[in-house]
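Breakdown of the fold
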Number of protein chains: 4
Amino acid sequence: MILILKKGISNCEMENLKEEIAAKGFTPHVSKGDELTIIGLVGDTIAFQDRFNLSDERIDRIVRIQEPYKKVNKMFKSCDTVVDVAGRKIGDGNFAVIAGPCSVETRDQMVDTAMGVKKAGADLLRGGAFKPRTSPYSFQGLGEGGIELLLEAKKETGLPIVTEIMSVRQLDEHASEIDMIQIGARNMQNFELLKEVGSLDKPVLLKRGMSASIKDFLMAAEYIAAGGNEKIVLCERGIRTFENATRNTLDISAIPVLKRKTHLPVIVDPSHSGGYWWLVEPLALASIAAGADGLMIEVHNSPKEALCDGEQSLKPERFENLMQSIRNMEAFRRGGFSA
Amino acid sequence: MILILKKGISNCEMENLKEEIAAKGFTPHVSKGDELTIIGLVGDTIAFQDRFNLSDERIDRIVRIQEPYKKVNKMFKSCDTVVDVAGRKIGDGNFAVIAGPCSVETRDQMVDTAMGVKKAGADLLRGGAFKPRTSPYSFQGLGEGGIELLLEAKKETGLPIVTEIMSVRQLDEHASEIDMIQIGARNMQNFELLKEVGSLDKPVLLKRGMSASIKDFLMAAEYIAAGGNEKIVLCERGIRTFENATRNTLDISAIPVLKRKTHLPVIVDPSHSGGYWWLVEPLALASIAAGADGLMIEVHNSPKEALCDGEQSLKPERFENLMQSIRNMEAFRRGGFSA
Amino acid sequence: MILILKKGISNCEMENLKEEIAAKGFTPHVSKGDELTIIGLVGDTIAFQDRFNLSDERIDRIVRIQEPYKKVNKMFKSCDTVVDVAGRKIGDGNFAVIAGPCSVETRDQMVDTAMGVKKAGADLLRGGAFKPRTSPYSFQGLGEGGIELLLEAKKETGLPIVTEIMSVRQLDEHASEIDMIQIGARNMQNFELLKEVGSLDKPVLLKRGMSASIKDFLMAAEYIAAGGNEKIVLCERGIRTFENATRNTLDISAIPVLKRKTHLPVIVDPSHSGGYWWLVEPLALASIAAGADGLMIEVHNSPKEALCDGEQSLKPERFENLMQSIRNMEAFRRGGFSA
Amino acid sequence: MILILKKGISNCEMENLKEEIAAKGFTPHVSKGDELTIIGLVGDTIAFQDRFNLSDERIDRIVRIQEPYKKVNKMFKSCDTVVDVAGRKIGDGNFAVIAGPCSVETRDQMVDTAMGVKKAGADLLRGGAFKPRTSPYSFQGLGEGGIELLLEAKKETGLPIVTEIMSVRQLDEHASEIDMIQIGARNMQNFELLKEVGSLDKPVLLKRGMSASIKDFLMAAEYIAAGGNEKIVLCERGIRTFENATRNTLDISAIPVLKRKTHLPVIVDPSHSGGYWWLVEPLALASIAAGADGLMIEVHNSPKEALCDGEQSLKPERFENLMQSIRNMEAFRRGGFSA
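All of these numbers come straight from a predicted model, not from anything done at the bench. Numbering of residues starts from 1 in every chain and runs along the sequence as written. Each chain takes a letter, starting from A, and each ligand takes a number, starting from 1, following the order in which they are written. pLDDT decides what is reported in this predicted model: residues at 70 or higher carry local features, side-chain atom pairs at 80 or more are listed and counted, and totals for whole chains, interfaces and linings draw on all residues regardless. Computation of side-chain values: all heavy atoms of the structure, hydrogens and water removed.

**Digging into the overall build of chain A**
Here is the rule we go by: By the criteria applied, helices consist of DSSP H or I runs no shorter than four residues and strands consist of E runs no shorter than two, each listed in order from the N terminus. Only heavy atoms enter the contact rule, under which two residues are in contact if any of them lie within 4.5 Å. Using a 1.4 Å probe, accessible areas were evaluated by the Shrake-Rupley method; residue-level cover was limited to the displayed protein chains.
A count of helices and strands for chain A gives 10 helices and 14 strands. In terms of overall dimensions, chain A has a C-alpha envelope of 75 × 50 × 40 Å along the principal axes. Looking at chain A alone, contacts between residues at least 24 apart form 68% of all its contacts between residues at least 6 apart. Surface summary for chain A: the accessible area is close to 11,300 Å², and the carbon and sulfur share equals 46%.

In structure tokens:
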């Protein structure tokens, strides 16, 4: 942390400030120029960084140098994390595809779609039992019944299941039944939920909030990791911008930026990013090219009848074709693009 | 709802579509031009609006005309709602100021600040016991101890208290003790929490999410209202944009837009909007000029030592001066600006 | 400017870097901690700030402390600038209203509207002869004929005229005829035009670009000032965000932020900010409350027939009423809000 | 165009409105429901669409159905356009790489970099002679001298040259010397310049504005095409969002969206999108995977000494390696990803 002091600060004020810094256990390094005086505070200032603010009349500007996350910071753990979800690995060269319907609607829809997804070669099965819908008048998910259908689909296909959990209460009731807990974009900063999930020994799929900066996103992951659970997979799913030709704006750059800053795996949800089924393929392939460790794709056996996100869902046949492209692209990447 | 059909749709497809619409209880109005065929569906299409999507090969575009909210829609309730918080009224000409520290820190800090806020003439007292902090290493609030100190400050000052609740569990434990429940920006789409709050008979202060459109904001309020609780006050607190000279960008236009669309009271939080104490006065006064029904302002007895949001907190003396300006501006507005 | 060096930098590399800095005429102040080494460069680093970048393997981070603008910086000129437009003053307590149609369409429209605007008490007359329209198929303005009609309206009303100039060529031909040159939002970073305008002795109304940060905005003004022309009035007119209930999002906070950073007058265009006539009044009054030095408002004698921006134009009667409110609010502000 | 009328519109008003529509040469199709009355206007309403606006008290909402662009619209020209720049083709399966320094600085820098770029296999050479810099104190380009050095580099390498033109005056002087005119992001809505460029018979590289929607972008291209010049290549280069970990946010989805809406070639500038050299490779490869017709990449023989954009420039060796990956990825795409 660097404190840039106000012009005209007196020697007395400066001495007091240095004592305050020392009292907090740090050695202040003062650099005094003709126009500008700077105090550098070196060491672990993460916990410390709230302790000075611009209400202090002596301080003109504060520059925070250390990244505010530790456990998810690549600087402190150089090996990439591999998250194991019931035997399927994600990260550090392990590529995984999660697929399935936006919401679990009926037994037929769920099992049919799951069979299609399995046949196409997906690694994990997704499906929403509890649905965070913008409107209270929209289909809210089947709840517990949805979990049961998911478990049935798991039995039929052998695929581990990923499903969104929206509250601590749902977590208490269903965490043990599911293989990977999804924290949705709208709950990315539901800190009570993050803390609770952090205390479990269970893989977590954390989706980026619509207006979360990359730093916010990593801090949300840090909440989970700080609780002891480092089985975290990050999922970029588009951010909110002025552009409305797409549902969200896929922040493709977030993939290489995240992979530089954290050791956690990073996957992409091209379905929510674009919002239209015809955007899924180009966005999925681009994500692999940019370094993603996996994909999460919405598939529905009859998109036009879907109760949720039909416009962005692929039919099983189309998904099967896409899986071929995905596998080819991933193999091409593994070979090194310039080879 | 208007369906704009794909070019070259056959008569058969058209007849089928009309039957499907009729089967859902609506009368389709077809308008067929040389190049374009349009089907208008009139009536209450809110529940209906998920039932068609662009995966349907017959449909080129869907235009949703009805606003998706009912209970909070001004069209269906022309009189403005007045929310009564333990005797203090907000809305329909009743202007209220909520003030206090970002977080409850110590007994002295809370009671001192509360006394200052009371003396300056605020109507309600705020203070955070449970804090949604971006970092797990930042002060997380005193929790239950904070609620106790708030209750003590209430006893000393007689001011009703407003505090943020972050989970259903906290709600179960503390809803009865507090006068107004605040739902924070990061929980604006925590639908489980909204539903729970909707089932209570207790005033709610709903803050706009950082990337929530005005429509999203009203839909979040609709969640609460749909559960039966219409004691909702909306709070604009800035949105996230590219501009970083301020913490957020106060969307001042949201005030007149919201007041045109809903009967609910609309207040503004100039502290979080700007992020700096010197922005609070101009933003507060501008908000009144634009039609706000109240303000929520952070006050701290020693901002430079605040554990949270010190940079945007006013000292009690400055707040007292601001209260005078607020009252004058509000009286000026009541007189009609052009009088 | 502060250079934060990469960890593990050798003494040799450090010495070389210090020499490079010295060779550029600066004295490096090194602050070496256990984990972090910082070099502070004090003095006028504005011109210098491009000379180091992160491609340099020795540098981890660069913090630029000095604001990159000089001539428009309040730090170097504490008195507020007053811009005089043919006798009408703007800035430092002088409040001015510019009003008129979006585009000059016909003699009747222009003169009628001008008479209404004059009667209502506006200080300057606006009207577009050259129109920057998003579509090549939209009305592009009357061009020279529009300038002539503006001059006629000026003769009838005695009001100085403000009009947009879109190219150097138009400037050569018309600068002498008009009283204040408007640089539109889309040309805010048309640097060739800015340089040319900077060489004139003529007041300039510079509108903020849709995605211009406050810093970008001030740098655009600096281009004009650097050329020798400091008769600049800044105009906030809304920025582009995700919110689409309004045409743009009025960044009301930009007013107090700009007034803290620059000595130039700051006015607001509530018409383009909101995009609807019913938003003009609340946004205009809010802007005054927040400290604006003036307003620019679109008025048309028959908005529903306007060839441009009819939705956001006021009829002369409504404008007259608004002018009363504006004058009252401005007088109220002059009295000090807390008096 | 669809007009949704206000509730309670009288028969008289309706008849008048129909007559007004008919007087403009259109046949109104009225669809009257119990609650809603809709008038559909079929035919070429592009020119017509400004002629009704919400100031009209009879109209509640206007829905514009037709895309406002014609010449660049894929609907009216199903074959993709191929732009030929001095023998190098872009579009419809022809992939091209434009590379070179941000700005032309010295003879050595330009020729060295050009030779490196040529050796690596680039198709066209870029270099800025006129530079649109945010600060008037930054290097503004060599101007005419820069054009001369570019021509020299062209002679040495045989590569056609692409350079930015910022004003009509520069266009008059230099258009004949250069092979492809670049219109920069900041000039995307400099309509005078677009019109002038539209009258030439010369390839144009049009960069997307920082806050331009895809529709705005296409309308800017339509300006050029409307003047008769359809040799337009569109360049996505990142948009401005709240995320500041990257210089801009590459809107990767814009590639497939644009290719669905227009027949013009679409290329990507990964250098400006990310803002850091280490982001160029992943963003370049992702762009190809998403369907781009080419890339524009900044290369400098000594990035740390670059007078402009050094942080995002590749050294020639690194570029050479990237070119190999680009060619491989492009060949892989040509084979069909799922083959």
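Back to the text.
**Let's talk about the relation of the copies chain A and chain B**
Operational definition: When the copies are overlaid, the least-squares fit takes in C-alpha atoms only where the residue has pLDDT of at least 70 in both copies.
Superposition of chain A onto chain B requires a rotation of 180 degrees combined with a translation of 0.0 Å along the rotation axis, giving an RMSD of 0.0 Å. Taken together, the rotation and translation relating the two chain copies correspond to the operation of a two-fold axis. When each C-alpha of chain A is compared by its distance to the rotation axis, Ser211 of chain A comes out closest, at 2.8 Å. When the interface residues of chain A are mapped onto chain B, 100% of them are again interface residues, pointing to one common binding face.

**Brief notes about the pairing of strand S11 (residues 204-207) of chain C**
Taken residue by residue, a regular strand's side chains alternate between the two faces of the sheet. Residues and elements named next belong to chain C. Put simply, the rule reads: Buried means the residue's accessible area, taken with a 1.4 Å probe over protein chains only, is under 20% of the maximum for its type, while exposed means over 50%, and partly exposed covers the values in between. Pairing between two strands is assigned when DSSP locates at least 2 bridges connecting them. With the strands pointing away from the viewer, any crossover whose connection runs clockwise from the first strand over the helix to the second is right-handed.
Here S11 shows no split at all, with Val204 and Leu206 on one side and Leu205 and Lys207 on the other all buried. In this structure, strand S10 (residues 180-183) lies alongside S11, joined through 3 bridges in parallel fashion. Residue pairing for S11: Gln182 is matched across the bridge by Leu205. Between the parallel pair S10 and S11, the chain is carried across by helix H5 (residues 191-198), and the sense of this crossover is right-handed. Relative to strand S12 (residues 232-236), S11 is paired through 4 bridges, and the arrangement is parallel. Directly across from Leu205, in S12, lies its bridge partner Val233. The parallel pair S11 and S12 is bridged by helix H6 (residues 214-226), and the resulting crossover is right-handed.

**Thoughts on the interface of chain A and chain B**
How we decide: Accessible area that two parts lose when put together, evaluated with a 1.4 Å probe and summed over both, is termed the buried area. Note on definitions: salt bridges are taken to be side-chain nitrogens of Lys or Arg within 4 Å of carboxyl oxygens of Asp or Glu. Any pair of N or O atoms that falls within 3.5 Å is considered a polar contact. Within protein, one atom must be able to donate a hydrogen and the other to accept it, and sequence-neighbouring residues count only if both atoms are side-chain atoms.
In this complex, chain A contributes 54 residues to the contact, which on the side of chain B involves 54 residues. Surface buried jointly by chain A and chain B totals about 4,500 Å² across both partners, of which 47% is contributed by carbon and sulfur atoms. For chain A, the biggest contributors to the area lost against chain B are Tyr137, Ser211 and Lys304 of chain A; these three give 15% of the whole. The tally of links between chain A and chain B comes to 8 salt bridges. A salt bridge links Arg169 of chain B to Glu196 of chain A; its shortest N-O distance comes to 3.8 Å. Where chain A packs against chain B, one counts 25 residue pairs in polar contact (both at pLDDT 80 or more). Elements that contribute at least two residues to the side of chain A that touches chain B include exactly helix H4 (168-174), helix H5 (191-198) and helix H6 (214-226) of chain A.

**With respect to helix H3 (residues 144-157) of chain A**
Residue and element names in this part refer to chain A. The test is simple: In a helix, the anticipated span is given by 1.5 Å times the number of residues less one. The directions from the helix axis to the C-beta atoms are what the arc is built from.
Taking 1.5 Å of rise per residue, the 14 residues of H3 would be expected to cover 20 Å, and the 20 Å separating its terminal C-alpha atoms lies within 8% of that figure. Every buried residue belonging to H3 is among Gly146, Ile147, Leu149, Leu150, Ala153 and Thr157, and all of these are buried. When H3 is viewed along its axis, its buried side chains cluster within an angular range of 165 degrees and face the same direction. Away from its buried face by more than 90 degrees, H3 exposes Glu148 and Lys155. Here the buried face of H3 lies against helix H2 (107-120), strand S8 (124-126), strand S9 (161-164) and H4. Positioned one or two residues after H3, Gly158 has a phi angle of 80 degrees, which is positive.

**Remarks on the state of the cysteines**
Residues and elements named next belong to chain C. Let me state the cut-off plainly: Here, a disulfide means two cysteine sulfur atoms that sit within 2.5 Å of each other.
Applying the stated criterion to the full structure yields 4 disulfides over all chains. There is a disulfide in this structure between Cys102 and Cys308, and the S-S distance comes to 2.4 Å. Taken as a pair, Cys102 in the loop between strand S7 (96-100) and helix H2 (107-120) and Cys308 in the loop between strand S14 (294-298) and helix H10 (316-334) lie far apart in primary sequence, 206 residues in all. Classification of Cys102 by relative accessible area gives buried; the value is 2%.

**Some remarks on the packing of aromatic side chains**
Spelled out, the test is: Ring pairs are drawn from Phe, Tyr and Trp, using the six-membered ring of Trp, whenever the two centres fall within 6.5 Å, and their geometry is named by plane angle: stacked under 30 degrees, edge-to-face over 60, tilted for the rest. Either the NZ atom of lysine or the CZ atom of arginine qualifies as a charge over a ring when it sits within 6 Å of the ring centre and within 35 degrees of the ring normal.
One pass over the full model with this rule turns up 14 aromatic pairs over all chains. Ring centres 5.9 Å apart and planes at 15 degrees place the aromatic pair Tyr276 of chain A and Trp278 of chain A in the stacked group. Taken together, the ring pairs in this structure connect Phe332 and Phe337 of chain A together with Phe332 and Phe337 of chain D into an aromatic cluster. Above the plane of the ring of Tyr137 of chain B lies Lys70 of chain A, whose end atom (NZ or CZ) is 4.8 Å from the centre. Just above the ring of Phe52 of chain C sits the side chain of Lys24 of chain C; from NZ or CZ to the centre is 4.6 Å.

**Quick notes on the packing of H5 of chain A against H6 of chain A**
Residues and elements named next belong to chain A. Stated formally: Interaxial angle, 0 to 180 degrees, is taken between N-to-C directions of lines fitted to C-alpha atoms, where a helix line uses only the stretch in contact. Each angle receives one of four descriptions, namely roughly parallel if under 35 degrees, roughly antiparallel if over 145, roughly perpendicular if within 65 to 115, and oblique otherwise. Under the scheme applied, nonpolar residues are Ala, Val, Leu, Ile, Met, Phe, Trp, Tyr, Cys and Pro; charged residues are Asp, Glu, Lys and Arg; polar residues are all the others, including Gly.
Close contact between H5 and H6 brings their axes to 6 Å; oriented N to C, the two are set at 45 degrees. Regarding the angle of H5 to H6, the classification is oblique. Along its contact with H5, which presents Phe191, Leu194, Lys195, Val197 and Gly198, the element H6 presents Ala220, Tyr223 and Ile224. For the contact of H5 with H6, a count of residues per class yields 6 nonpolar, 1 polar and 1 charged.

**Details of the environment of Met166 of chain A**
By secondary structure assignment, the location of Met166 of chain A is in the loop between S9 and H4. Relative accessible area serves as the criterion here: at 3%, Met166 of chain A is assigned to the buried category. When the C-alpha positions of Met166 of chain A and Ile183 of chain A are compared, they lie 7.1 Å apart, and in sequence the two are 17 residues distant. Setting aside anything within four residues of it in sequence, one finds Met166 of chain A in contact with Phe130, Lys131, Pro132, Asn187, Asn190 and Leu193 of chain A together with Asn190, Phe191 and Glu192 of chain B.

**Some remarks on the packing of H2 of chain C against helix H3 (residues 144-157) of chain C**
Residues and elements named next belong to chain C. Spelled out, the test is: Crossing handedness follows the turn of the near helix against the far one: under a right angle anticlockwise gives a left-handed crossing, and clockwise gives a right-handed one.
At a closest axis distance of 9 Å, the pairing of H2 and H3 adopts a crossing angle of 35 degrees. Crossing of H2 over H3 shows right-handed handedness. Two secondary-structure elements touch here, H2 through Arg107, Met110, Val111, Ala114, Met115 and Lys118 and H3 through Leu149, Leu150, Glu152, Ala153, Glu156 and Thr157.

**Some details on the pattern of salt bridges**
Summed over all chains, the structure comprises 95 salt bridges over all chains. Several salt bridges converge on common partners, so that one network encompasses Arg208, Glu236 and Asp251 of chain A together with Glu243 of chain D.

**Side note on the sheet that holds strand S13 (residues 266-268) of chain A**
All names here are of chain A. Reading around the barrel, the 8 strands line up as S7-S8-S9-S10-S11-S12-S13-S14 and close back on themselves, with parallel pairing between neighbours. Going across the sheet, the axis of each strand differs from the next one's by a mean of 25 degrees, ignoring polarity. For S8 and S9, the ladder comprises 2 bridges, and the chain directions are parallel. Bridge pairing in S9 places Leu125 opposite Ile161. H2 contacts strand S7 (96-100) and S8 of the sheet and is inclined by roughly 150 degrees relative to S8.

**A few points about the confidence of the model for chain A**
Defined as follows: Predictor confidence is given residue by residue as pLDDT, running from a minimum of 0 to a maximum of 100.
Looking at chain A as a whole, the pLDDT averages 93, with 97% of positions reaching at least 70. This complex was scored by the predictor with a pTM of 0.95 and an ipTM of 0.95.

**Quick notes on the side chain of Gln182 of chain A**
Here Gln182 of chain A shows up in strand S10 (residues 180-183). Those residues in contact with Gln182 of chain A, other than ones at most four positions away along the chain, are Arg126, Val162, Thr163, Glu164, Ile165, Leu205, Lys207 and Met296 of chain A.

**Side note on unusual backbone geometry**
One non-glycine residue, Asp309 of chain A, lies in the positive phi region at around 60 degrees. Mapping Asp309 of chain A onto the fold places it in the loop between strand S14 (294-298) and helix H10 (316-334). The class for Asp309 of chain A is buried, based on a relative accessible area of 17%. For Asp92 of chain D, which is not a glycine, the phi torsion comes out positive at approximately 50 degrees. Accessibility expressed as a relative area gives 48% for Asp92 of chain D, which makes it partly exposed.

**Details of the sheet that holds strand S2 (residues 28-32) of chain D**
Where strands meet in a sheet, backbone hydrogen bonds hold them as pairs that are either parallel or antiparallel. Residue and element names in this part refer to chain D. Taken together, the 4 strands give an open sheet; going across it, the order is S2-S3-S1-S4, and neighbouring strands pair in antiparallel fashion. The open sheet is flanked by S2 and strand S4 (59-63), the only strands paired with a single partner. Mean inter-strand twist for the sheet, computed between neighbouring axes without regard to direction, equals 20 degrees. Sheet topology note: the S2/strand S3 (residues 37-41) ladder contains 5 bridges and is antiparallel. Paired with Ser31 across the strands is Ile38, a residue of S3. In the packing of helix H1 (residues 11-23) onto the sheet, contacts are made with strand S1 (2-5), S2 and S3, and the angle to S3 comes to roughly 10 degrees.

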